[in-house]
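Listed here are the chains, written in short residue letters.
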Amino acid sequence: MVPLRVAYIYDPADHAATNAQASNYWYVYIRELMERLGVHADVLPPDALGDAAMLSQYGVLFVGPRDVVLLPRRIGATVERWLAGGRILIGFAPDGLDEAFRVASPEPIGQPEGDFSIAGYAELQDTPLTAPLLADPYLQRRLVIMSPIRAVSAGEADELARLIAPDGADMGLAAITHRRVGDGHAFYFSFSVPQTLWVMQQGRPVDNDYDGDGYWRLGDAMTLCSEDLEVAHADAILFLVQRMLAELPLPVFSRVPPAEGHVARAAFYWGGDDEAVAEAQVWASDWMRERELPYHINIMPKEGAFALSKDEFQHIRANGHEPSLHFNFMDGFEHPGGFGEADVEEQVRLYREAFGETPTCTVNHWCRWTGWAEPARWKLSCGIPADNSRMHRPSPPLNPAGLIGFGFGTAFPYWTYDDHTGENRRLDFLNEPIVSYELGYKAGTDERDWETVHRAVDIAIAHRLTMDMFYHPCNVARYPTCREAIEEMLRYVGSRDVPVRHMGNDEVYRWWRRRAASRITVQEAAFEKQMLVLHCVAAPHDGITVTVPLPGAAEAEALLNGAATACDHEELWGRQCMSVVVPRGEHTVELRWSV
């Protein structure tokens, strides 16, 4: 029986040596990839690749660009025997395992304009494995590559994606391949997925006014500006890797929290900035409460004071909503240019003195930023663990309202990573990207755009997204068409007749952090009996959804601690899947199905 455990190869000595050369060790971002996939992965040293006993404990193994280059070539035979037993090997341009992947004639290709440039595209081919992505109306056939490339000829493997040059030319080489090895699968990427996701999501340092709008903003950090930003380019790669893992009945955690005990198809989180407009905050909070919506209101200081009293602050809290801090690095600052740690500390001090608490998820006015991870470190030192400033679109225009955008490639929250000066550590600072920004109306006019509102909902449900719904409280209070847009969104969600979750930004932070602390252990896997028994530790207060791909399953049932529980049976990632909501705490989940 194949162990339903995941591991990845990681070499701390190579990491340290790379940082010592003043370079980023991009592959460390594989930790972020594992969390986004919803798996807990063990970390193995490179020499584990030649250890048959060690490999036998795992059903899935990820290998990076530099993990095998210094190891003896004979490890290929060990890996191949391991694969043949029904395992999955996923390689991100490794040098030294061509025999296992059955690829040939490797050719190195660099990034034309440095670490933050597009090196090429992986154009998906028509295959059963890529079919779910090709059929998705909200994705594209071409995946963006943002790392050096180790291009290959497919050789004896099947070509899943063709390598396309940045100028659109077919390079006649394979970008992604798939080889069947007995009952196992070997997937080769000609590029580093961790580095590509890092560059898309973390962006480049804001050390210049790259877009020429006159300010240092997070639009200057975006690396995908040449692409269609209504496509979640990082998530598209994530979905392909998820499809590969679905060749095994590997249990994973959903990226969406449950909705009142049901398996949710999407999560929408609601928030906006008060722009220092008096009285709008309470009015908007009351209106959102009447519609039973959560709401996160960022309160901005102007000339050392807030346009909100302590009593009004408590009124918003009593509505079940989340007040927070809207950092103002616009007024009184020289532009273009950055801000410093003392500026962050001063505005946190003002907020604490005014309202008696430290905010959780903040936003920077006009999405201002400076450097790379420095503002995240400064906020963390003040006790602030999350940010909602990652804008959906670059400039121009300065305020791209009414648009959906995945400016940093993803809708899902993600952690901040430091550069090589900070040893590429993961900071416990969460980014919650803006995606849907003031959709459905145009301020000060009678224009309405329900089509874009509907499309945002459809994308979120189709991809099981956490999606930010950004509406300023001053706009909610001022514009009837803004309120109509929100109500139309709620009406349309209701017409889709699927469970969804509504949240505030602080709640998203708490849930995502606790999701990462959750664990699944397979206690028994008896596929001849069509049975799987899991031990689950669900850390979030409202539980977590566990999903298992079961190819060919026609009917399914689930037991939670021996008692029947609801089980969703649907197609995900091109596979029939079972999903079960597991409440907080430790539980035994038993899945049974018929073929």
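A quick note: this is a predicted structure, and the numbers were derived from the prediction, not measured.

## Let's talk about the overall build of the protein
- Scanning the protein from N- to C-terminus turns up 16 helices and 33 strands.
- Computed over the C-alpha atoms, the radius of gyration of the protein is 24 Å, within 12% of the 25 Å expected from 2.2 N^0.38 for a compact globule of 595 residues.
- Dimensions of the protein, computed from the C-alpha atoms along their principal axes, are close to 70 × 55 × 40 Å.
- By residue count, 62% of the 595 residues in the protein fall in the buried class.

## Focus: the side chain of Asp98
- Relative to the assigned elements, Asp98 resides in helix H5 (residues 98–101).
- Beyond its immediate chain neighbours, meaning those up to four positions away, Asp98 contacts Val103, Pro106 and Arg150.

## A look at unusual backbone geometry
- With omega at -10°, the peptide bond leading from His335 into Pro336 counts as cis.
- Along the chain, the position of Pro336 falls in the loop between strand E17 (322–327) and helix H11 (341–355).
- The residue after Pro396, namely Pro397, is reached through a cis peptide bond having omega -5°.
- Following the sequence through the fold, Pro397 ends up in the loop between strand E19 (386–387) and strand E20 (403–404).
- Notably, Gln530 is not glycine yet its phi reads approximately 50°, a positive angle.
- Within the secondary structure, Gln530 sits in the loop between strand E26 (519–526) and strand E27 (531–538).

## Description of helix H7 (residues 193–202)
- Extensive coverage of H7 is indicated by the burial of 10 of its 10 residues.
- Turning to H7, its buried residues are Val193, Pro194, Gln195, Thr196, Leu197, Trp198, Val199, Met200, Gln201 and Gln202.
- Here the buried face of H7 lies against helix H2 (30–37), strand E4 (88–92), strand E7 (142–145), strand E11 (184–189), helix H8 (233–245) and strand E21 (414–417).
- At the N-terminal end of H7, a side-chain oxygen is found 3.1 Å from the backbone nitrogen of Gln195, two or three residues along, and the residue is Ser192.
- Backbone geometry just downstream of H7 places Gly203 in the positive-phi region, at approximately 75°.

## Quick notes on helix H13 (residues 450–463)
- Here H13 is 14 residues long and its end C-alpha atoms lie 20 Å apart, about the 20 Å a rise of 1.5 Å per residue gives.
- With respect to burial, H13 is a largely interior element, 10 of its 14 residues being buried.
- Inspection of H13 places Thr452, Val453, His454, Ala456, Val457, Asp458, Ile459, Ala460, Ile461 and His463 among the buried residues, and these make up the whole buried set.
- On its buried face, H13 is in contact with H8, strand E13 (267–273), E20, strand E23 (436–437), strand E24 (466–470) and helix H15 (480–496).
- Immediately downstream of H13, the backbone of Arg464 shows phi near 55°, a positive value.

## Considering the pairing of strand E1 (residues 6–9)
- Side chains of E1 alternate between two faces, with Val6 and Tyr8 and Ala7 and Ile9 buried alike.
- The sheet contact formed by E1 and strand E3 (residues 60–63) spans 3 bridges and is parallel. Each residue of the ladder has a partner; that of Tyr8, found in E3, is Phe62.
- As defined by bridge partners, E1 adjoins strand E2 (residues 41–44) across 4 bridges and the pair is classed as parallel.

## Re the nonpolar core
- Counting residues in each nonpolar core, the largest one holds 175 residues, and the members touching the most others are Phe62, Ile176 and Phe268.
- With residues up to four places along the chain from it excluded, the contact list for Phe268 reads Val457, Ala460, Met467, Met469, Met489, Val493, Val500, Arg501, His502 and Met503.
- Grouped together as the second largest cluster of nonpolar side chains are 25 residues, Leu49, Leu61, Ile75 and Leu89 included.

## Focus: the pattern of salt bridges
- Tallying each qualifying case throughout the model produces 37 salt bridges.
- One salt bridge in this structure joins Asp170 and Arg162, with 3.1 Å as the shortest N-O distance.
- The partner of Glu570 in a salt bridge is Arg464, and the shortest N-O contact between them spans 2.5 Å. Of this pair, Glu570 sits in strand E31 (residues 568–572) while Arg464 sits in the loop between H13 and E24, and the two are 106 residues apart along the sequence.
- Judged by its relative accessible area of 18%, Arg464 falls in the buried class.
- Shared partners join several salt bridges into a network, and the residues in it are Glu80, Arg102, Glu156 and Arg179.

## Some words on the environment of Tyr8
- By the element assignment, Tyr8 lies in strand E1.
- Between the C-alpha atoms of Tyr8 and Pro46, which are 38 residues apart in sequence, the distance is 9.2 Å.

## Quick notes on the sheet that holds strand E33 (residues 585–594)
- Within the open sheet, the 5 strands sit side by side as E26-E27-E33-E29-E30. Their pairing is antiparallel. Because the sheet does not close on itself, it has two edges, and the strands there are E26 and strand E30 (563–565). Averaged over all pairs of adjacent strands, the angle between their axes in this sheet comes to 30°, without regard to strand direction.
- Examined bridge by bridge, E27 and E33 share 8 bridges and lie antiparallel to one another. Considered in E33, the bridge of Cys536 is made with His587.

## So, the environment of Ile520
- Tracing the sequence through the fold places Ile520 in strand E26.
- Residues Ile520 and Arg204, spaced 316 residues apart in sequence, show a C-alpha to C-alpha distance of 35 Å.
- Every residue in contact with Ile520, bar those within four places of it in the chain, is listed here: Pro251, Val252, Phe253, Leu534, His535, Cys536 and Val546.

## Considering empty space enclosed by the protein
- Within this structure, the stated rule accounts for 1 cavity of 30 Å³ or more.
- Considered as a void within the structure, the largest cavity measures approximately 30 Å³ in volume.
- Lining the largest cavity, in full, are Gln140, Arg142, Leu143, Val144, Val231, His233 and Ala236.
- Secondary-structure elements contributing two or more residues to the lining of the largest cavity are E7 and H8.

## Observations regarding the side chain of His185
- Along the polypeptide, His185 turns up in strand E11.
- Since its relative accessible area comes to 5%, His185 is described here as buried.

## Some details on the packing of helix H9 (residues 280–290) against H15
- Where H9 meets H15, the axes come as close as 12 Å, and the angle between the chain directions of the two elements is 25°. One element, H9, and the other, H15, form an angle in the roughly parallel class. Along this stretch, H9 crosses H15, giving a crossing that reads as right-handed. Contact residues: H9 offers Trp283, Trp287 and Met288, while H15 offers Arg483, Ile486 and Glu487.

Thresholds applied
- Residues numbered from 1 in each chain as written.
- Predicted model: local features only at pLDDT ≥ 70, side-chain atom pairs only at ≥ 80, totals over all residues.
- Heavy atoms only, no water.
- Helix = DSSP H or I, 4+ residues; strand = E, 2+ residues; numbered from the N terminus.
- Rg over C-alpha atoms; globule rule 2.2 N^0.38 Å.
- Buried < 20%, exposed > 50% of the residue type's maximum accessible area, 1.4 Å probe, protein only.
- Contact = heavy atoms within 4.5 Å.
- Polar contact = N/O pair within 3.5 Å; in protein donor to acceptor, adjacent residues only side chain to side chain.
- Expected span 1.5 Å × (residues − 1).
- Pairing = 2+ DSSP bridges.
- Core = buried A, V, L, I, M, F, W, Y, C linked by side-chain atoms within 4.5 Å.
- Salt bridge = Lys/Arg side-chain N within 4 Å of Asp/Glu carboxyl O.
- Axes fitted to C-alpha atoms, helices over the stretch in contact; angles between N-to-C directions.
- 1 Å grid on protein atoms, 1.4 Å probe; cavity = no way out; pocket = protein on both sides within 12 Å on 5 of 7 lines; lining within 4 Å.
- Points joined across faces, edges and corners; volume = space filled by probe spheres on them.
- Parallel < 35°, antiparallel > 145°, perpendicular 65-115°, else oblique.
- Left-handed = near helix turned anticlockwise from the far one by under 90°.

Shape is all these values report; function is a separate question.
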